[in-house]
Amino acid sequence: MAIIFTIAFVGIAGRAVYLASSGSGTNRAGKPVNILRGAIQDRRGLNLAVTEEASTITVAADELVDADFTAELLSEHLNMPLSDVLERFYINKNRRYFIIKRQVDNLVADQLVDLKIPGVYREREYRRVYPGDTIASNLLGFVGRDQRRALAGVERDFNDTLTRPAPRSPREGPTLRLTIDAFIQHRLEREMGAAFEASGSKRAAGIIIDVQSGEILAMVSLPNFDPNRYYNSTPYQRGNWNIRLNYEPGSTVKVFMAAILLAEKAVSPGERFFCDGEIKFHNSTVRCRVNGRVHKHGNLNLSKIIARSCNVGIIKAMQRVRRDRFYDYMQRLGFGQKTEVLPPGSGETFGYFPDLERWVPSTSYYMPIGQGFSVTPIQLLRAGASLANGGRLVRPYIARQILDREGAILHTAEPASLENPFSQAVNREVMRMMQGVVEGGTGAGARVPGLTVAGKTGTGEKSSARGYLDRYVASFMGFFPVENPRYGGLILFDEPRGASGGSIAAPVFGRTVEAILPLLEDQNVAVETQRLAPLPVHPPRVDPEKLYDFRGLAARDALSIVSDYYHVPVELKGSGYVYGQAPEPGTNMERVRKVILYLEDLR
């Protein structure tokens, strides 16, 4: 019996040591060792996520002299409501030892220890800290109490890297250095945050990229959260919409139509197409609108069609391109494919680009204006960057280097690219057209004094199984400087109130570029930053008489809407995020007896 109990005790003790460790690994004897999770840094070496020593405050109940006075002191120093502390005392009154609070700052713990309160102890542990609070939070993700297991974002995508013993440092994981520039990230978050709040948008996404290398300099998703207090946020707040959001891009894709027309020599120099405000085909009608009203553009050449974002003109021109050629060009631009900006399992989606055999007669009419297929923001920007950099479809990437504790480089990411389907002459001509969009077209809000900018606006109408919804995604894609493009960006707002790509996204792009130019020109410039508060989730605009479109929502958020507005039974099939529903969105609620939500885990 003694031998049996000894073996059991050793096994339990070994397991406890393993669970208490902040990392995984073994020493030469094959025994577990504690491995501190490696830091995550921006491209300048500024810490975005670090592991630091913290404390757990515990109480030995039988050693307390004055429980009420002790509770008051703990409440004051630990910033906890007195009622919460007293409740823990009461619940654990029959236990010899219990925890009051974990992840306590060591300075606070030192102050408590110095008071020498009978029955109050501290234990050492480790915690993950995000010094920038909300900065790049949706990209970074977060780590729970178990430092070995990340729960979201880059932390999860590179979990094995960050928890693997580094050379010359068997007890510490290596440092992951990203391509992100924290100061550029801050500027983009600040400008987008102000527009997000003012417009009441459902969500927003923004990216700044080096079009030559594919390095991502900033990646913003809104609403955001504070990863230091991730438990106060919802899955919706934590989503990285730059890789996860599927949306119909609208007029931003007209620049690719222009490139296809030039490559196919389907349009003669100076040739004009007449726009009388609408075009009819197969029992459908597409109109050109300006400020919500039907607008007749008249005779326009291809440059003016792009500058003024004429739907009728681009549809008429694209009817000269064979379907198979159209399909081939779009495939070679990467539509319907993951960019692999992050490792598998990151949640990046494919978008949707239908196979050629699934095209219907109206497909070639809708696709030129960015309808009938969907993209992710990173996917669209990658395709646009191939026009700007002279014809290379670069692989965008986030992870730049892996370093040991001494700063020695263990691994450096190598840029990778494919050729886009257009000649350099075609790419240059399309960039010239995009410059006209900013200088005298719908993208005038993106102008930057002293800098040449090329871009394209988009105001894509959102669709559902029952048709289009009179809800829009407003976006702007731009590149600079036009003479030799080095940087590009995409700004997107989902369902802004009464705003278009030209009125909300283009100005945000312009203000951001103007703010970050000194940072791009001089990497050593001194900058000042301020902390940005987490932005709230805007309440959904729900019509109680018609069934809401739940697609893209987390299960909890969808259930909340049903409970608040509809009061009908709900059946969940799967887990994670909604990708389908029955009945279809827009169904009159008088006919709805039950809602079925089909879910998938995008991780």
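The preceding data block contains the structure.
Residues numbered from 1 in each chain as written. Predicted model: local features only at pLDDT ≥ 70, side-chain atom pairs only at ≥ 80, totals over all residues. Heavy atoms only, no water.

What follows is about empty space enclosed by the protein. One pass over the full model with this rule turns up two cavities of 30 Å³ or more. For the second largest cavity, the calculated volume is near 30 Å³. Considering the residues around the second largest cavity, the lining is formed by Thr-134, Ala-136, Ser-137, Asn-138, Leu-139, Glu-189, Met-219, Val-220, Ser-221, Leu-222 and Asn-224. Among the elements of the structure, helix 5 (137-140) and strand 9 (216-222) are those that each provide at least two residues to the lining of the second largest cavity. Broken down by element, the residue count for the lining of the second largest cavity peaks at four residues, all from strand 9. Taken together, the residues of the lining of the second largest cavity sort by class into five nonpolar, five polar and one charged. (1 Å grid on protein atoms, 1.4 Å probe; cavity = no way out; pocket = protein on both sides within 12 Å on 5 of 7 lines; lining within 4 Å. Points joined across faces, edges and corners; volume = space filled by probe spheres on them. Helix = DSSP H or I, 4+ residues; strand = E, 2+ residues; numbered from the N terminus. Nonpolar A, V, L, I, M, F, W, Y, C, P; charged D, E, K, R; others polar.)

For any pair of aromatic rings, the description consists of the separation of the ring centres together with the inter-plane angle of the planes. Under the definition given, this model contains 19 aromatic pairs. Measuring from centroid to centroid gives 6.1 Å for Phe-335 and Phe-373, while their planes differ by 70°, and the two rings are edge-to-face. Note that Phe-335 is positioned in the loop between helix 13 (323-332) and helix 14 (363-366) and Phe-373 in the loop between helix 14 and helix 15 (377-388), a separation of 38 residues in sequence. Between the aromatic rings of Phe-480 and Phe-509, the centroid separation amounts to 6.3 Å while the plane-to-plane angle is 75°, which identifies the pairing as edge-to-face. Taken together, the residues span a long stretch of sequence, with Phe-480 in strand 21 (residues 467-480) and Phe-509 in helix 17 (residues 501-521) at a distance of 29 residues. We note that Phe-480, like Phe-509, is buried. Cluster of aromatic residues (ring-pair linked, three or more members): Phe-256, Phe-326, Tyr-327, Phe-335, Phe-353, Trp-359 and Phe-373. Stacked on the ring of Trp-241, the Lys or Arg Arg-203 has its end atom at 4.5 Å from the ring centre. (Phe/Tyr/Trp six-rings, centres within 6.5 Å; stacked < 30°, edge-to-face > 60°. Buried < 20%, exposed > 50% of the residue type's maximum accessible area, 1.4 Å probe, protein only. Lys NZ or Arg CZ within 6 Å of the ring centre and 35° of its normal.)

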